[in-house]
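Fold and geometry: a report
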Amino acid sequence: MRYRNAIVRQVPDSFADGLTQANLGKPDLHLARLQWESYVFILRKLGLNVHVLPPLEQFPDSVFVEDTAVIARDSAALANPGAPSRRGEVDSMRDVPRLGFPICVLGDPGTLDGGDVLRLGRMFLIGLSDRTNGFGAAQLGVFLRDQNLYYRMIDLKQFPNLLHLKTGISYLEKKRVLIQSCLEAHPALEKYEQIIVPDDEAYAANALMINGTVLLAAGHPKTASMLRDRGFKKIVELEMSEFQKMDGGLSCLSLRY
Ligand code: CIR
């Protein structure tokens, strides 16, 4: 799939007050902003038109804009984030071009974070997590089916290390997935070539394939060389340390379409 656009949101001063279970210490705001700038720079270099939203101080996690919506074909679904502190982030997405006229707005009792939704061509995997429940997934399922897209749910409760589905899996096009070992041999993935990141590089499983280039979190040399051995020639490694401290990864920082 060829991406032309991305939506990102700037890092708020309140960033360090966001939700986290990572136990990696407090993020450095200045460094987080530098890392964010590099991320946006690369998206632009890869040809994307990047729409930058202003920071939302009252929502420390709002830089993780992926969780607020799901974009499919020509339309979008506005999510209903599972964490109460993140609910209000969605309101500010209603004015965003492309998201301004969503076909679908997910709502209670359904909850869904965009980070639990992975697109693999015409198929969408929806993770059932602490953030996304069956109602939310079913609402999104109707939205997808109406557009002749398919979906399948994956229960993540048995994988406590995965905050979101995309914490543990990325789609690298051509039926290839980069996954954490806990998802190995999952029936939902049996038709895909599985590239398994070493357990001590689990964070690298949240990667992005953008127009032929793999964006990988820096500091995961085994994963990078494994990808090179598999024929991925274009790999860009991005420093993500400050976002990792807040449980966020490469995919979380943008909505791509
Ligand atoms: C949260 O707990 O909601 C944020 N601190 C991290 C969200 C990461 N988003 C994502 O994986 N899509």
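The shown structure was predicted, so the numbers you read here are calculated from the model rather than taken from an experiment.

The secondary structure content of the chain amounts to five helices and 15 strands. Compactness check: the chain gives a C-alpha radius of gyration of 17 Å against a globular reference of 18 Å for 257 residues, within 12% of the reference. For the chain, with 257 residues in total, the buried portion stands at 56%. If you take every contact in the chain between residues at least 6 apart in sequence, the share linking residues at least 24 apart comes to 67%. By element, 50% of the accessible surface of the chain is carried by carbon and sulfur atoms, the whole surface being about 11300 Å².

Locating Gly47 in the fold gives a position in the loop between helix 1 (29–45) and strand 2 (49–53). Judged by its relative accessible area of 54%, Gly47 is exposed.

In the region of the ligand, 14 residues are neighbours, and Leu19, Asp61, Arg86, Met246 and Cys252 sit closest. Contacts to the ligand include Arg86, whose side-chain N or O atom sits 2.8 Å from an oxygen atom. A distance of 2.8 Å separates a nitrogen atom of the ligand from a polar backbone atom of Met246. Contact with the protein chains removes 99% of the 350 Å² of surface that the ligand exposes when unbound. Grouping the constituent residues of the shell around the ligand by class yields five nonpolar, three polar and six charged.

Okay, the sheet that holds strand 8 (residues 150–155) next. Taking strand neighbours across the sheet as the criterion, the three strands line up as 6-7-8 in an open arrangement whose pairing is mixed. Bordering the open sheet on either side are strand 6 (117–120) and strand 8, each of which pairs with just one other strand. In this sheet, neighbouring strand axes are inclined to one another by 25° on average, regardless of whether the strands run parallel or antiparallel. Taken together, the six bridges between strand 7 (residues 123–128) and strand 8 define a ladder with parallel strand orientation. Note that in strand 8 the partner of Gly127 across the bridge is Ile154. Sitting on the sheet, helix 2 (residues 134–145) is in contact with strand 6, strand 7 and strand 8, with an inclination near 170° to strand 7.

Basis of the calculations
- Residues numbered from 1 in each chain as written.
- Predicted model: local features only at pLDDT ≥ 70, side-chain atom pairs only at ≥ 80, totals over all residues.
- Heavy atoms only, no water.
- Helix = DSSP H or I, 4+ residues; strand = E, 2+ residues; numbered from the N terminus.
- Rg over C-alpha atoms; globule rule 2.2 N^0.38 Å.
- Buried < 20%, exposed > 50% of the residue type's maximum accessible area, 1.4 Å probe, protein only.
- Contact = heavy atoms within 4.5 Å.
- Areas by Shrake-Rupley, 256 points an atom, 1.4 Å probe, with all protein chains shown as cover.
- Near = heavy atom within 4 Å.
- Polar contact = N/O pair within 3.5 Å; in protein donor to acceptor, adjacent residues only side chain to side chain.
- Nonpolar A, V, L, I, M, F, W, Y, C, P; charged D, E, K, R; others polar.
- Pairing = 2+ DSSP bridges.
- Axes fitted to C-alpha atoms, helices over the stretch in contact; angles between N-to-C directions.

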